[in-house]
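Each chain, letter by letter, is given below.
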Amino acid sequence: MASLLLAIGTRKGLWLARSDDERRTWSLDGPHFLMREVPAIAIDTRGTGPRLLVGVRSEHWGPTVMWSDDLGGSWHERDDGAIRFPADTGAALARVWQLQPDAAMRPGVVWAGCEPTSLWRSDDRGETFSLVRGLWDHPHRLEWTPGFGGAAVHSVLADPDSERLRVAMSTGGVYASDDGGTSWRAANHGISAYFLPNPHPEFGQCVHKIAADATGIGCLYAQNHHGVYRSDDAGKTWMPIEDGLPSNFGFTVLAHPTTPGTAWVVPLTADGERVPPGGRLRCYRTNDAGGNWNEVGSGLPDRCWVSVLRDAATVDDAEPTGVYLGTRDGCVYVSRDEGDSFSLVAAHLPDVLSIRAAGLG
Amino acid sequence: MVGVLIPGALQELAGGARRLDVEVPVDGTVGDVLVGLGVAHPALRRRLMDETGTVRAYVNVYVDGSDIRHGTGLATPVADGAVVHILASVAGG
């Protein structure tokens, strides 16, 4: 297998881990952007060479998007900023929450989910972005409210075979576009918003993460603020799939890139107890799209009282699929057997906000 | 001409300069100074102000030793020969 790159974004910088021996051992390079948080990472492998794209934010100096075409040897940014709200919006970029390369058939396109709640499109591999007005101008926007971490689009899914897009925001829920982002509709039917007076609103759900099944965007998984769901109609309707889980609370959900029906969640006890149940950090894996869940993750720690945030988990494109988890106490774990067992890649980093992994060809 | 003292963390974006001199009009303001900085150093300006023109919350700007937030903010006048000192506020964990 070729080299594998694991990019680790933390609250105080970015680290780049490389493995050349089937993900058994890792070398760690960093920190890049010391004392700046890195909540969004993309490894775009669609071009002639991999491009690293990161959302970086300084408490003092604000947010920006930077890229590297030499695996972190040098970093670049637009002088005037890759993402700038148009003057008529009166808004200012607060944080880049998600950077998502589109499909290979749209090689220049990268999507960004940002705070305040907005979606952006780049046609030059992430160097400049344009505000997706269809979502920004949606009449629901004034009623979207911040989750605890802020008001942002944090998940972006693009269908490689059509113009369908699905985004998720906290809080607001899932929104769907079938025309490349021109028009949008709420897509939350069946998802509970138990914390609202009307627990079944059209929008306002607190979705923490969505992921597309290997079959495509027609089958989606959602980890909500209490509630794990699946949609078999691209988000039009959702059904709970949480039987067999120790808790329906958590932040992340991952889907297998090539095996239909396989997905992972990392449960936390509850809204009011955001720690692994019993202090045992574990994954739960389904191989039948949520019909059944099995606890996996030998090698993950007991007596662990930290959480895995929504983007501090990822899968790679290797065979077998690697699963990666990063924790708020600065540990990163890798599984080379689809979650059955994990080993430590790095420890004692700042709290992990985002991780992404990809083979380097 | 107004002298602007650049914090160490941003000097790379100022071409390595510790101090930049900026032309301001008669009756110029701190806002004019920061906009003037951005002509030659747009990435530097972006670290100081967001795209609405608001000085970032943890950026402190002093004119001849006085914090502009205790004055009239970006409308604070700057006289020829004034020194504008930009500092990161003490914050974070």
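The following paragraphs examine the structure supplied in this document. (Residues numbered from 1 in each chain as written. Chains lettered and ligands numbered in written order. Predicted model: local features only at pLDDT ≥ 70, side-chain atom pairs only at ≥ 80, totals over all residues.)

**Considering the environment of Trp184(A)**
All names here are of chain A. Rules: A run of H or I in DSSP becomes a helix once it reaches four residues, and a run of E becomes a strand once it reaches two; helices and strands are each numbered from the N terminus. Two residues qualify as being in contact provided that their C-beta atoms, derived from the backbone, are within 7 Å of each other.
Positionally, tryptophan 184 belongs in the loop between strand E13 (173-177) and strand E14 (185-186). In this structure the C-alpha to C-alpha distance between tryptophan 184 and arginine 78, which are 106 residues apart in sequence, comes to 30 Å. Setting aside anything within four residues of it in sequence, one finds tryptophan 184 in contact with Gly134, Leu135, His138, Tyr175, Ala176 and Ser177.

**Observations concerning the nonpolar core**
What counts is decided by this rule: Any set of buried Ala, Val, Leu, Ile, Met, Phe, Trp, Tyr and Cys residues joined through C-beta atoms within 7 Å is what this text calls a nonpolar core. Counting other C-beta atoms within 10 Å of each residue's C-beta, where C-beta atoms are placed from the backbone, gives the exposure class: buried for 20 or more, exposed for 12 or fewer, partly exposed between.
Ranked by internal contacts, the top residues of the largest apolar core, which has 107 residues, are Leu6(A), Ala7(A), Ile8(A), Ala222(A), Tyr324(A) and Ile355(A). The residues contacting Ile8(A), other than those within four sequence positions of it, are Leu14(A), Trp15(A), Ala17(A), Gly326(A), Val332(A), Ala346(A), Leu349(A), Val352(A) and Ile355(A). Val2(B), Leu13(B), Leu37(B) and Val63(B) belong to the second-largest nonpolar core, a separate cluster that totals 21 residues.

**What about the interface of chain A and chain B?**
Put simply, the test is: Ten residues, namely Ala, Val, Leu, Ile, Met, Phe, Trp, Tyr, Cys and Pro, are considered nonpolar, four, namely Asp, Glu, Lys and Arg, are considered charged, and the remaining ones, Gly among them, are considered polar.
Across the boundary between the two partners, chain A contributes 13 residues, which contact 14 residues of chain B. Residue composition of the side of chain A that touches chain B, grouped by class: four nonpolar, four polar and five charged.

**Concerning the pairing of strand E1 (residues 4-10) of chain A**
Residues and elements named next belong to chain A. Using the following cut-off: At least two bridges found by DSSP between two strands are what make those strands a pair.
The element E1 is extensively covered by neighbouring structure, given that seven of its seven residues are classed as buried. Going residue by residue along E1, you find Leu4, Leu6, Ile8 and Thr10 tucked away on one face and Leu5, Ala7 and Gly9 tucked away on the opposite face as well. Relative to strand E2 (residues 13-19), E1 is paired through seven bridges, and the arrangement is antiparallel. Within the sheet, the bridge partner assigned to alanine 7 lies in E2 and is leucine 16. The antiparallel pairing of E1 with E2 creates a hairpin that spans two residues between the two strands.

**Comments concerning the sheet that holds strand E11 (residues 152-158) of chain A**
Residues and elements named next belong to chain A. With respect to topology, four strands assemble into an open sheet ordered E11-E12-E13-E14, the strand pairing being antiparallel. Bordering the open sheet on either side are E11 and E14, each of which pairs with just one other strand. When E13 meets E14, the two strands line up antiparallel, connected through two bridges. Bridging across to E14, alanine 176 finds its partner in arginine 185.

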